[in-house]
Amino acid sequence: MTSYEAVIGLETHIQLNTTTKIFCSCKADSWFDPPNTNICPVCTGLPGVLPVLNRAVVEKGVLLAAAMHSEIRPVSFFDRKNYFYPDLPKGYQISQYDMSLGKGGYMDLPMPQSGGVRHITITKLHLEEDAGKTKNEHGRRMIDFNRCGVPLVEMVTGPDLRTADEAAQYLIRLRQLLRWLGISEADMEKGHLRCDANVSIRPVGATYLNTKTEIKNVNSIDAVREAILKEIDRQTREVDAGNRIEAWTLEWDEDRGVLKKMRSKETEADYRYFREPDLLPLRLDDAWKGQILSGLPELPLERRARFMSEFGLPEYDADILTAERRLSEYFEAAVKAYGGDPKRVSNWMMNDILRMVNDRGISVTELKLTPVYLAEIIKLVDSGTVNTSTGKALVQKVDETGKAPAEIVQAEGLAKVSDDSAIRAVCQEVMAESPKEVAAFKGGKETLMGWFVGQVMKKMRGKADPALARSIMEELLKQ
Amino acid sequence: MTDLTDLTVLDALQALRSGQVSSRELTQACLDRISRLEPAIRAFITLTPELALQQADEADRKLAAARRGSANFAPLLGLPLAVKDVLTVKGVRCTCGSRILENFVPPFNATVIERLLAAGVVVLGKTNMDEFAMGSSTENSAYGPTRNPWNLEHVPGGSSGGSAAAVAAHMAPAALGSDTGGSVRQPASYCGISGLKPTYGRFSRYGLVAYGSSLDTVGIFARTVADVAALFPVMAGMDPLDATSMDLPVPDTTLSASADLKGMRIGLPAEYFIDGMQPAVENLVRQAIETLHSLGAEIIPISLPHTEYALPVYYLIAPAEASANLARYDGIRFGFSQQEDEMWAIFRESRGGGFGQEVKRRIMLGTYALSAGYYDAYYGRAQKVRTLIKRDFEKAFESVDAVAAPVAPSSAFRLGEHTDDPIAMYLEDVFTLPANLAGVPGLAFPVGFDGSSMPVGMQLMGRHYREDQLFKIAHAYQQVTDWHRRSPQLA
């Protein structure tokens, strides 16, 4: 039996999180608003209106293009894409065709299993306006124009992905990037990030492309993975049975978890593109471009790599600490304030800080525990001023009060007791109260040592230096 | 004062400011004349007498305040104006001469309307036009044709025929039109009045219902060039709602009493005097050029070698843009809608029943020109030739200040004369199309009458954003001639 590999390309539509729409001043996001409330003559295409380009859309588009390593055209053009549909009020969509904002581009996608990277090329990156929405309700077709004119970037990959997992990984990394850049909420459930998948299969080792099918209406990363898996399965069965794959458009039925054929795609639609005469060419002079790109941060995958090379973090830690831009910035600030081994900071981040923010559903920037305070706490533990468990309690206390760790240690007398005589007195007290255990220990049950130290720590409310407590206890018991 | 409707814009403004006449009186005089002549001429699709009188009363209050010295005179305070039914006036039905917009009431003012209202104009009504400005005779209107006031058997030209006829018949001292391929200059010429097509980008197109977006301009009709120049600065200038409007200073268009054209170089393009044009038209235009020469202008023979391609280029580009611009008339949100059970049937029947023949012809022409496999040969090539036509003008304006030419090959033809022959109709635009393709300004004004007593006009085309030079030349001509003072004899 031939073994096959899948060839997958993803077509994404990214809703930019601008305040207003791309060509008018209506509010862009209508997720919480009733139908047809964020509309005006321009976005509903009344006779006589003209589009005026929102500069914020260009700025966010340029950031994405730069982050995708696209060539940013100094002059790009808008075009009209002509087709009839009731939710497309002008009868054409203003888009970019042959001279779009971004040319080419790529993302080097880390592969979690193999540890390598997959080079994903970008074949299209352009700005366009969204259309409205239609739905059938009570036997009537309803149209909501709120979404008309919402700014989108359409970004299409080459046929470079090979598995459903890789496709999911690409979307995870893209979502991370969009949020990192602050240009889209990138919530697939809310349609901020939409994905169609083109899927074909071929014998392993082949370089040609077979007929592909297009999967539409998948609105979560899990659904994309599942739909692609099912489609690869279906195509494999068809080809094994000697059937030809036809260029269908398939629709993912979320509820039933199945693909349904929407239509055969025998001929390409003719959109009769031509230059949008109502808009001037989009000119990005060096000053504007420079100003936009001055806001381009280090990218998540670059920062991830740097955390590994510069800080010596394991891939696992670097991945988690760069999942979100503010988290990575918090970590880096803490490392800087700490000055010691970054891995030590990473451990505190992963064990304590992340648990705290995840439990409370907040961002690290909302913590009263600043990166500098975290560094101070770690240093207090390192110097032996407080023990580890006190340090962990301090994390909570600092965040509750917003007070400096040293101040809390001082006020609450949390500093570790290293006074030999104080600990010795408590050890003697514990021995006096536990004659049975002392007898057992002396009878050879030396595993009780931990229990004795624990009793001492308990009596001293954790402030005793545990190592010192252990050696004193040992000395007394072995007398 | 004899008849208030005989006042030019400048005379009317003076009379209004001095208090000799009120805006209500002037407006009422226009409305009365419209009532009397409209059954014969049919210049209007929609009249707005109540709105007009309300605006006139408001203007009278402001005029009184200004006379007391407690406010300034807005530049056009109290002036009645007719508006082509292709420009939106908030709350007033806007049909574009089409059945498909028979019930469309726009919720916003066109920018030029907004500026004119702020300057104090009074809107008399919306004038007749070829459907969506596609035509050269105003016969392609779903609301019936307009008649030429000089001879009711003749067309007023088009597509802004209603506005031209209204001004020629003294129903209004001035009117707005639109010029995509000659739709202001040709009817101005046919009706013996003055008409300006400004530089593309000079007036905002916001609120001008689109036909050919890269060619469309808002234009002005009045009986004298000085009147046109009086409206010009009010309407000109950058508009944040139109990305193609230019942020340039508006030149001073105040005209002096001098008729001296010394130092002015006027080009005479060989390609605009062709076989088959009406001899009277050629003679009158050449005489007018002689007059300009006698006023001191230097007349220089020039060549605009790609002129002959303007017609085919225009009839690819304009319909292509129109095929997209008119896609919004789908029977879903506004206008004529044929109720059907199925979505595609609503589109098909609403458009099928709502659009007239010429509009359908141009939508099909444009759709074809943009189609895969044909784009390069038609639309793509047309754009390249358009660039050559632009260069012709750029080159000409290196050596001349303006180009003088006939507006159309003939004077106004008879109703029905060209309706069965679209090509003959398209040929009426042969001299006006190049200015639209090049984006340069064009000013038409009367230069005489032919053997059948129909008016004949001439046009001056100028450098981008140099309308002031055209005004200067044409105004000098009108200082020494009186064609612009002739009026049709109407019962």
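Residues numbered from 1 in each chain as written. Chains lettered and ligands numbered in written order. Predicted model: local features only at pLDDT ≥ 70, side-chain atom pairs only at ≥ 80, totals over all residues.

> Just give me the short version of the overall build of chain B, but keep the residues and values in it.
Of regular secondary structure, chain B possesses 15 helices and 11 strands. A compact globule built from 491 residues would reach a C-alpha radius of gyration of about 23 Å, and chain B, at 21 Å, matches this within 12%. Judged by the C-alpha coordinates and their principal axes, chain B covers about 65 × 55 × 45 Å. Split into buried and exposed, the 491 residues of chain B put 60% on the buried side. (Helix = DSSP H or I, 4+ residues; strand = E, 2+ residues; numbered from the N terminus. Rg over C-alpha atoms; globule rule 2.2 N^0.38 Å. Buried ≥ 20, exposed ≤ 12 C-beta atoms within 10 Å, placed from the backbone.)

> Tell me about the overall build of chain A, residues and numbers included.
Counting its secondary structure elements, chain A contains 15 helices and 17 strands. Computed over the C-alpha atoms, the radius of gyration of chain A is 30 Å, more than 25% above the 23 Å expected from 2.2 N^0.38 for a compact globule of 479 residues. With the principal axes as the frame, chain A shows a C-alpha extent of 95 × 60 × 50 Å. Buried residues in chain A amount to 42% of all 479 residues. Within chain A, counting contacts between residues at least 6 apart in sequence, those at least 24 apart form 69% of the total. (Contact = placed C-beta atoms within 7 Å.)

> Report on the domain arrangement of chain A, specifying residues and quantitative values.
Residue and element names in this part refer to chain A. Domain boundaries in chain A define domain 1 (4–290), domain 2 (298–412) and domain 3 (420–477). A straight line from the C-alpha centre of domain 1 to that of domain 2 covers 38 Å. Each partner contributes to the interface: domain 1 provides 6 residues, whereas domain 2 provides 5 residues. Contributing elements (two or more residues each) for the side of domain 1 that touches domain 2: β7 (106–110) and α2 (164–181). Broken down by element, the side of domain 1 that touches domain 2 gets its largest block of residues, 3 residues, from α2. Looking at the side of domain 1 that touches domain 2 residue by residue, the classes come out as 4 nonpolar, 1 polar and 1 charged. (Domains from an automatic or database assignment. Nonpolar A, V, L, I, M, F, W, Y, C, P; charged D, E, K, R; others polar.)

> Describe helix α8 (residues 279–294) of chain B, listing the residues and the values that go with them.
Residue and element names in this part refer to chain B. With 16 residues, α8 should cover 22 Å at 1.5 Å per step; its first-to-last C-alpha distance of 22 Å lies within 8% of that length. Considered for burial, the residues of α8 that qualify are V281, L284, V285, A288 and L292. Projected down its long axis, α8 carries its buried residues within an arc of 100 degrees, all on one side. Within α8, the exposed residues directed more than 90 degrees away from the buried face are P279, E290 and S294. Check the buried side of α8 and you find it contacts β7 (265–269), β9 (402–406), β10 (442–449), β11 (455–462) and α15 (467–480). Two residues or fewer after α8 comes G296, characterised by a positive phi angle close to 115 degrees. (Expected span 1.5 Å × (residues − 1). Arc of directions from axis to C-beta.)

> Give me the lowdown on the pairing of strand β13 (residues 213–218) of chain A, citing residues and values where you can.
Residue and element names in this part refer to chain A. Inspection of the sheet shows strand β12 (residues 193–203) paired to β13 by 4 bridges, in the antiparallel sense. Following the sheet pairing, A197 is matched in β13 by I215. Pairing geometry for β13 and strand β14 (residues 248–253), over 3 bridges, is parallel. The residue of β14 that forms the bridge with E214 is T249. Handedness of the crossover is the feature at issue here: the chain leaves β13, passes through helix α3 (residues 221–240), returns alongside β14, and the resulting connection is left-handed. (Pairing = 2+ DSSP bridges. Right-handed = clockwise from strand over helix to strand, strands pointing away.)

> Got a sec to walk through the sheet that holds strand β5 (residues 92–95) of chain A? Specific residues and values, please.
Residues and elements named next belong to chain A. The sheet built from 3 strands is open, its strands ordered β5-β4-β16 with antiparallel pairing. At either margin of the open sheet sits one strand with a lone partner, and together these are β5 and β16 (274–275). Here strand β4 (residues 79–82) runs beside β16; their pairing, made up of 2 bridges, is antiparallel. By the bridge assignment, R80 is partnered in β16 with F274.

> Explain the nonpolar core to me, and be specific about the residues and the numbers.
Where a protein is soluble and globular, its nonpolar side chains tend to be buried together. Grouped together as the largest cluster of nonpolar side chains are 239 residues, with contacts concentrated most on A167 and A197 of chain A together with L81, L124 and I473 of chain B. Leave out the neighbours within four places in its chain, and I473 of chain B touches L261, M264, I266, L292, A297, A402 and L460 of chain B. Formed by 32 residues, the second largest nonpolar core is a distinct cluster that contains I353, V386, V395 and V409 of chain A. (Core = buried A, V, L, I, M, F, W, Y, C linked by C-beta atoms within 7 Å.)

> Report on the pairing of β14 of chain A, specifying residues and quantitative values.
Look at any regular strand and the pattern is simple: side chains alternate between the two faces of the sheet. Residue and element names in this part refer to chain A. In β14, alternate side chains face the same way, and those of W248, L250 and W252 are buried while those of T249, E251 and D253 on the opposite face are not. In this structure, β14 lies alongside strand β15 (residues 258–264), joined through 6 bridges in antiparallel fashion. Bridging from a neighbouring strand, E251 pairs with K260 of β15. What sits between the antiparallel neighbours β14 and β15 is a turn of 4 residues, in which G257 has the positive phi angle 65 degrees.

> I'd like a rundown of the interface of chain A and chain B, residues and numbers included.
Interface size is commonly expressed as the accessible area that is lost once the parts come together. Contacts between the two partners involve 25 residues from chain A and, on the opposite side, 36 residues from chain B. Residue composition of the side of chain A that touches chain B, grouped by class: 14 nonpolar, 5 polar and 6 charged.

> So what's going on with helix α1 (residues 9–18) of chain B? Which residues, and what values?
Residue and element names in this part refer to chain B. Restricting attention to buried positions, one finds in α1 the residues V9, A12, L13 and L16. Seen end-on, α1 carries its buried residues on one side only, within an arc spanning 100 degrees. Residues of α1 that are buried in the fold lie against α2 (23–41), α3 (49–68), β4 (174–179), β6 (217–222) and α7 (225–235). Once α1 finishes, G19 follows within two positions and takes phi at roughly 90 degrees, a positive value.

> Give me the lowdown on the sheet that holds β4 of chain B, citing residues and values where you can.
Residues and elements named next belong to chain B. In space, the 11 strands of this open sheet follow the order β1-β3-β2-β4-β6-β5-β10-β11-β9-β7-β8, with mixed pairing throughout. Since the sheet does not close on itself, it has two edges, and those belong to β1 (44–47) and β8 (298–302), each with one partner. Averaged over neighbouring strand pairs, the angle between their axes works out to 30 degrees when direction is ignored. Relative to β10, strand β5 (residues 194–197) is paired through 3 bridges, and the arrangement is antiparallel. (Axes fitted to C-alpha atoms, helices over the stretch in contact; angles between N-to-C directions.)

> Give me the confidence of the model for chain B: which residues, what numbers.
In this model, chain B carries a mean pLDDT of 96, and residues with pLDDT of at least 70 account for 99%. For this predicted complex, the interface confidence score (ipTM) comes to 0.96, while the overall pTM stands at 0.92. (pLDDT = per-residue confidence, 0-100.)

> An account of unusual backbone geometry is needed here, citing residue identities and associated values.
With omega at 5 degrees, the peptide bond leading from G158 of chain B into S159 of chain B counts as cis. Relative to the assigned elements, S159 of chain B resides in the loop between β3 (122–127) and α5 (161–168). Unusually for a residue other than glycine, R272 of chain A sits at a positive phi of about 50 degrees. Its place among the elements puts R272 of chain A in the loop between β15 and β16. On the basis of neighbour count, R272 of chain A is assigned to the buried category, with 24 C-beta atoms found within 10 Å. One non-glycine residue, S453 of chain B, lies in the positive phi region at around 60 degrees. Mapping S453 of chain B onto the fold places it in the loop between β10 and β11.

> Would you mind going over the environment of T48 of chain B in detail, with residue names and values included?
Residue and element names in this part refer to chain B. Among the secondary structure elements, T48 is positioned in the loop between β1 and α3. Taking the C-alpha atoms as reference points, T48 and A71, 23 residues apart in sequence, are found 28 Å from one another. Once residues within four sequence positions are removed from consideration, T48 is found in contact with V92, V123, L124 and G125.

> Now, about the environment of L229 of chain A: what can you tell me, with residues and values included?
All names here are of chain A. Note on placement: L229 falls in helix α3. Its 17 C-beta neighbours within 10 Å are what place L229 among the partly exposed residues. Each C-alpha atom, one on L229 and one on C148, is 33 Å from the other, the two residues being 81 residues apart in sequence.

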